[in-house]
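Structural overview
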Amino acid sequence: MDHTNHVRLDPSELIPANLEGATVYGADDDKVGTVDHLHGSTAIIDVGGFVGIGAKPVAVPLADLDFMRDDDGDVHAITTWTKDQLKEMPEHLDS
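We now turn to the structure provided with this report. None of these values were measured; they are calculated from a predicted model.

Comments concerning the overall build of the chain
Helices and strands together make up the secondary structure of the chain, namely 2 helices and 7 strands. For 95 residues, the compact-globule estimate of 2.2 N^0.38 gives 12 Å, and the C-alpha radius of gyration of the chain, at 12 Å, lies within 12% of that figure. Considered along the principal axes of its C-alpha atoms, the chain spans approximately 35 × 25 × 20 Å. Across the 95 residues of the chain, 34% fall into the buried class. Summarising the internal contacts of the chain: among those between residues at least 6 apart in sequence, 47% fall at separations of at least 24.

Below, the structure is given as C-alpha cells:
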C-alpha cells in the first residue's frame, strides 16, 4: 500500500475512538496486527492469530506508530517493526 498521500493524524486525534481496530502495517508493508486498545502512550496490538483467535497482545509505544487515514478515511498505522519482531515481544497482560 502506498502511504505517501495518506493524511497523518493530528496528535489531538490519537484517541481510542480513532485508533482501536486500526490495522498496523510493518516494515515490509505487510499487515502485522491490529490495535486492540490503548494504555496511555502505549498501543496494545494483537499480533498473529486468525480473525482475532489466537492473537498475542503486545505493547508498542505510540511513538513507534505513524497513524494516518487512507483515501477512504480509514485509520491505519505503519511501523518499522516486523511481524516476527512483534511476535517475539512479551505478551501484554492487562492487570
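What follows picks up the thread again.
A look at the environment of Asp 74
If you trace the backbone, Asp 74 turns up in the loop between β6 (66-69) and β7 (75-78). With 30 residues separating them along the chain, Asp 74 and Ile 44 place their C-alpha atoms 19 Å apart. Not counting residues up to four positions away in its chain, the partners in contact with Asp 74 are Met 68 and Arg 69.

A few points about the side chain of His 6
In this fold, His 6 is placed in the segment before β1 (7-8). Judged by relative accessible area, which is 9%, His 6 ranks as buried. Among all residues touching His 6, those that are not within four sequence positions of it are Met 1, Met 68, Arg 69, Asp 70, Asp 71 and His 76.

Observations concerning the sheet that holds strand β4 (residues 42-47)
The strand order β1-β6-β7-β2-β3-β4-β5 describes an open sheet built from 7 strands, whose pairing is mixed. Each end of this open sheet is capped by a strand with a single partner; those strands are β1 and β5 (56-61). The pairing of strand β3 (residues 31-39) with β4 spans 5 bridges and is antiparallel. By the bridge assignment for β4, His 37 is matched with Ile 44.

Quick look at a negative patch on the surface
A cluster of acidic residues, Asp 28, Asp 30, Asp 84 and Glu 88, forms a negative patch at the surface. Turning to its location among the elements, Asp 28 is positioned in the loop between β2 (23-25) and β3. Judged by relative accessible area, Asp 28 falls into the partly exposed class, the value being 48%.

Let's talk about the pattern of salt bridges
Scanning the entire structure with this criterion turns up 2 salt bridges. When the shortest N-O distance is used, the salt bridge between Arg 8 and Asp 66 registers 3.1 Å. In this pair, Arg 8 is assigned in strand β1 and Asp 66 in strand β6, connecting sequence segments 58 residues apart. What makes Arg 8 partly exposed here is its relative accessible area of 40%. Accessibility expressed as a relative area gives 28% for Asp 66, which makes it partly exposed. In this structure, the salt-bridge partner of Arg 69 is Glu 13, at a minimum N-O distance of 3.1 Å. Here Glu 13 lies in the loop between β1 and α1 (16-19) and Arg 69 lies in strand β6, a separation of 56 residues in the sequence. Residue classification places Glu 13 among the partly exposed residues on the basis of a relative accessible area of 24%.

Reading the values: rules and limits
- Residues numbered from 1 in each chain as written.
- Predicted model: local features only at pLDDT ≥ 70, side-chain atom pairs only at ≥ 80, totals over all residues.
- Heavy atoms only, no water.
- Helix = DSSP H or I, 4+ residues; strand = E, 2+ residues; numbered from the N terminus.
- Rg over C-alpha atoms; globule rule 2.2 N^0.38 Å.
- Buried < 20%, exposed > 50% of the residue type's maximum accessible area, 1.4 Å probe, protein only.
- Contact = heavy atoms within 4.5 Å.
- Pairing = 2+ DSSP bridges.
- Patch = residues over 30% accessible without salt bridge, like charges linked within 9 Å, V, L, I, M, F, W, Y side chains within 5 Å.
- Areas by Shrake-Rupley, 256 points an atom, 1.4 Å probe, with all protein chains shown as cover.
- Salt bridge = Lys/Arg side-chain N within 4 Å of Asp/Glu carboxyl O.
- Lys, Arg positive; Asp, Glu negative; His and termini not counted.
- Charge placed at Lys NZ, Arg CZ, Asp CG, Glu CD.

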